[in-house]
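# Descriptive analysis of the structure
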Amino acid sequence: MFKGSMPALVTPFENGELDLKTLKHLVEWQIKEGSTGLVPVGTTGESPTLSHDEHETVVEEVVKASAGRVPVIAGAGSNNTVEAIRFVQFAEKIGADAALVVTPYYNKPTQKGLIAHFRALHDCADIPIITYNIPGRSVVDMTPATMGELAQLPRIVGVKDATGDLARVSQQRASCGPEFCQLSGEDATALGFNAHGGVGCISVTANVAPKLCAEFQQATLAGDYAKALEYQDRLMPLHEAIFIEPGLVGAKYALSKLGLCGIEVRSPLTPLDDSTKAAIDAAMAHAGLI
């Protein structure tokens with residue numbers, strides 16, 4: 001259903017407000033460069049600092065701009081089940097192809113609580129749901145057994161796995177079945193992730209290097225891991241440099257070097273240190289982007 005390279009899109013700002021003109025240009029560029037899907041308003045889209053209205057505006061504008069050319073997986077997560085229901089239902093209403101729902105952060109639910117949360121979201125709409133498991137941010141880990149239970153629901157169709165644990169792919173194949181859509185949420189290990197049975201990556205680096213990331217994914221999905229390794233060698237310094245500081249800040253800086261987006265981020269995030277900028281510049285040069 002969903003596969004390949006799908007950028008977790010940044011949300012451009014200008015003078016503190018949404019920069020929708022730049023957002024639309026980024027959508028066009030991403031599609032032209034070969035991205036196979038778009039994921040607005042995830043963490044990389046600065047969802048924690050967007051108002052609900054801004055969140056919905058960004059999702060709607062990306063759906064409109066993409067115009068059905070590639071799937072849109074709309075960020076729809078919250079640690080409040082009622083808020084998440086609102087976002088899932090909105091994503092369905094405006095024609096998104098799926099909703100990406102993160103495990104509830106901060107309140108640390110049990111596995112039983114995770115099942116209740118995702119079951120409520122499954123039941124509130126008819127849109128497919130991709131679970132998003134990122135213990136490093138949410139401080140709760142959805143186990144393969146819990147994911148297997150949720151995978152029995154017809155609209156829980158996949159996972160964005162940002163655990164960094166490559167064994168999870170095989171464990172989740174066992175618990176959820178081989179048709180369950182497993183997408184990496186970590187660029188640096190996406191090669192191994194697909195070798196274990198993954199089918200794509202919701203990527204931060206693809207904001208900056210969409211063509212390379214798309215071709216890398218195409219190689220893995222074709223089983224050409226020798227070619228994929230060549231791409232990995234080109235991209236690995238960029239994967240690392242973008243995340244020296246929070247990844248979305250690095251991605252916006254790199255996009256600014258390409259003349260595609262401003263560097264503005266919302267507090268409590270801040271602009272990059274000069275040493276981080278230098279590392280990103282060097283990594284972009286290594287990848288052949290500048």
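Residues numbered from 1 in each chain as written. Predicted model: local features only at pLDDT ≥ 70, side-chain atom pairs only at ≥ 80, totals over all residues. Heavy atoms only, no water.

## A word on the layout of surface pockets
Counted as a void, the largest pocket has a volume near 660 Å³. Every residue lining the largest pocket is counted, 30 residues in all, and those nearest its centre are Gly42, Thr43, Ser47, Pro48 and Tyr105. Listing elements by their share of the lining of the largest pocket, those giving two or more residues are α2 (52-66), α3 (81-93), β5 (98-102), α5 (135-138) and α11 (247-257). The element contributing the most residues to the lining of the largest pocket is β5, with three residues. Residues that form the lining of the largest pocket fall into these classes: 15 nonpolar, eleven polar and four charged. Of the volumes computed, that of the second largest pocket is approximately 340 Å³. Taken together, 21 residues make up the lining of the second largest pocket; nearest its centre are Ile134, Gly185, Glu186, Val204 and Phe243. Mapped onto the lining of the second largest pocket, the elements with two or more residues apiece are β9 (200-203), α10 (225-242) and α11. (1 Å grid on protein atoms, 1.4 Å probe; cavity = no way out; pocket = protein on both sides within 12 Å on 5 of 7 lines; lining within 4 Å. Points joined across faces, edges and corners; volume = space filled by probe spheres on them. Helix = DSSP H or I, 4+ residues; strand = E, 2+ residues; numbered from the N terminus. Nonpolar A, V, L, I, M, F, W, Y, C, P; charged D, E, K, R; others polar.)

## Some words on empty space enclosed by the protein
For the coordinates displayed, the defined rule picks out three cavities of 30 Å³ or more. As a volume, the largest cavity reaches approximately 60 Å³. In terms of lining residues, the largest cavity is bounded by Ser5, Asp187, Ala190, Cys201, Ser203, Cys213, Phe216, Gln217, Leu235 and His239. The set of elements that each furnish at least two residues to the lining of the largest cavity consists of β9, α9 (210-221) and α10. Residues of the lining of the largest cavity, tallied by class, amount to five nonpolar, four polar and one charged. In this structure, the second largest cavity is lined by Val249, Tyr253, Ile263, Pro271, Leu272 and Lys277. Of the residues belonging to the lining of the second largest cavity, the class tally is five nonpolar, no polar and one charged.

## Section: the nonpolar core
In this structure, Val62, Val88 and Val101 are the most contacted members of the largest nonpolar core, which totals 44 residues. Every element with two or more residues in this core is listed here: α1 (20-33), α2, α3, β5, α4 (111-124), α6 (144-150) and β7 (156-161). In this structure, valine 88 is in contact with Ala76, Ala99, Val101, Leu121, Cys124, Ala125 and Ile127, ignoring residues within four places of it in sequence. Counting residues in hydrophobic clusters, the runner-up holds 33 residues, among them Ala209, Cys213, Leu235 and Ala254. (Core = buried A, V, L, I, M, F, W, Y, C linked by side-chain atoms within 4.5 Å. Buried < 20%, exposed > 50% of the residue type's maximum accessible area, 1.4 Å probe, protein only. Contact = heavy atoms within 4.5 Å.)

## A word on the pattern of salt bridges
Where charged atoms of side chains with opposite charge meet at close range, the side chains can pair. Throughout the structure, instances matching the rule amount to twelve salt bridges. Between glutamate 54 and arginine 266 there is a salt bridge, and its shortest N-O distance comes to 2.8 Å. Highlighted residues: glutamate 54 in helix α2 and arginine 266 in the loop between α11 and α12 (274-287), separated in sequence by 212 residues. In terms of burial, glutamate 54 and arginine 266 fall into one category: buried. Residues glutamate 215 and lysine 211 are paired through a salt bridge, measuring 2.6 Å at the closest nitrogen-oxygen approach. Of this pair, glutamate 215 and lysine 211 both sit in helix α9, separated by four residues, roughly a single helical turn. You can call lysine 211 partly exposed: its relative accessible area is 41%. A single network of salt bridges, built from pairs that share partners, joins Asp53, Glu56 and Arg86. (Salt bridge = Lys/Arg side-chain N within 4 Å of Asp/Glu carboxyl O.)

## Some words on the environment of glutamine 152
With respect to the secondary-structure elements, glutamine 152 resides in the loop between α6 and β7. With 25 residues separating them in the primary sequence, glutamine 152 and glycine 177 have C-alpha atoms 9.6 Å apart.

## Comments concerning the sheet that holds strand β4 (residues 73-75)
Spatial ordering of the open sheet is given by β1-β9-β8-β7-β6-β5-β4, a layout of seven strands whose pairing is parallel. For this open sheet the edge positions go to β1 (4-7) and β4, each flanked by a neighbour on one side alone. With strand direction ignored, the average angle separating the axes of adjacent strands in the sheet is 30 degrees. Pairing analysis gives four bridges linking β7 to strand β8 (residues 181-184), with the strands arranged parallel. In the sheet register, lysine 160 faces β8, and the bridge partner there is leucine 183. (Pairing = 2+ DSSP bridges. Axes fitted to C-alpha atoms, helices over the stretch in contact; angles between N-to-C directions.)

## Some remarks on the pairing of β9
Side chains Gly200 and Ile202 project from β9 onto one buried face, and the interleaved Cys201 and Ser203 project onto a second face that is buried too. Two elements, β1 and β9, share four bridges in a ladder whose sense is parallel. By the bridge assignment for β9, serine 5 is matched with cysteine 201. Sheet topology places β8 next to β9; two bridges connect them, and they run parallel. In the sheet register, leucine 183 faces β9, and the bridge partner there is glycine 200. In this region the chain leaves β8, passes through helix α8 (residues 190-195) and returns to the parallel neighbour β9; the handedness of that crossover is right-handed. (Right-handed = clockwise from strand over helix to strand, strands pointing away.)

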